[in-house]
Amino acid sequence: QVQLVESGGGLVQPGGSLRLSCVVSRSIFSVAAMGWYRQVPGKQRELVAFIDNGGTTYHADSVKGRFTILRDNAKNTVYLQMNGLKPEDTAIYYCNKVPSGDWAPYWGQGTQVTVTV
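Residues numbered from 1 in each chain as written. Predicted model: local features only at pLDDT ≥ 70, side-chain atom pairs only at ≥ 80, totals over all residues. Heavy atoms only, no water.

Participant: Account for the overall build of the chain, naming residues and giving values.
Facilitator: Counting its regular elements, the chain contains zero helices and 10 strands. In sequence order, the secondary structure elements of the chain are arranged as β-β-β-β-β-β-β-β-β-β. On C-alpha atoms alone, the chain measures out to a radius of gyration of 13 Å, which is about the 13 Å that the 2.2 N^0.38 rule sets for 117 residues. Expressed as lengths along the three principal axes of its C-alpha atoms, the size of the chain is roughly 40 × 25 × 20 Å. Burial analysis of the chain (117 residues in total) assigns 43% to the buried set. Considering only residue pairs separated by 6 or more positions, the chain has 55% of its internal contacts joining residues 24 or more positions apart. For the chain, the accessible area works out to roughly 6,100 Å², and carbon and sulfur atoms hold 50% of it. Each charge class in the chain can be summarised by its mean position, and for the 11 positive and 8 negative side chains these summaries are 2 Å apart. (Helix = DSSP H or I, 4+ residues; strand = E, 2+ residues; numbered from the N terminus. Rg over C-alpha atoms; globule rule 2.2 N^0.38 Å. Buried < 20%, exposed > 50% of the residue type's maximum accessible area, 1.4 Å probe, protein only. Contact = heavy atoms within 4.5 Å. Areas by Shrake-Rupley, 256 points an atom, 1.4 Å probe, with all protein chains shown as cover. Lys, Arg positive; Asp, Glu negative; His and termini not counted. Charge placed at Lys NZ, Arg CZ, Asp CG, Glu CD.)

Next up, the structure:
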């Protein structure tokens, strides 16, 4: 079993920044890829970014140049630095393995990000 605890969301104006954190209850040292996903009510969860254990990153086109994913294996933590936020970034943000695989039953509560004037 694994616990994924996301935090750092909030209400910001367009152009603002937030830093999300995801603390994992077990070591992520051997996890090939950790990612951030987001979901808007009524839509499917989408992958926003992932980072492999060599530090190689992928960012969806919609966030490229604005969001940066980071991982700290020593702290079992994955971060998402979000700059230049737009209203369309409003969603609940979750972290998990990529693909979620055997961690699929353990999605956390997520953290709400709301971007509005």
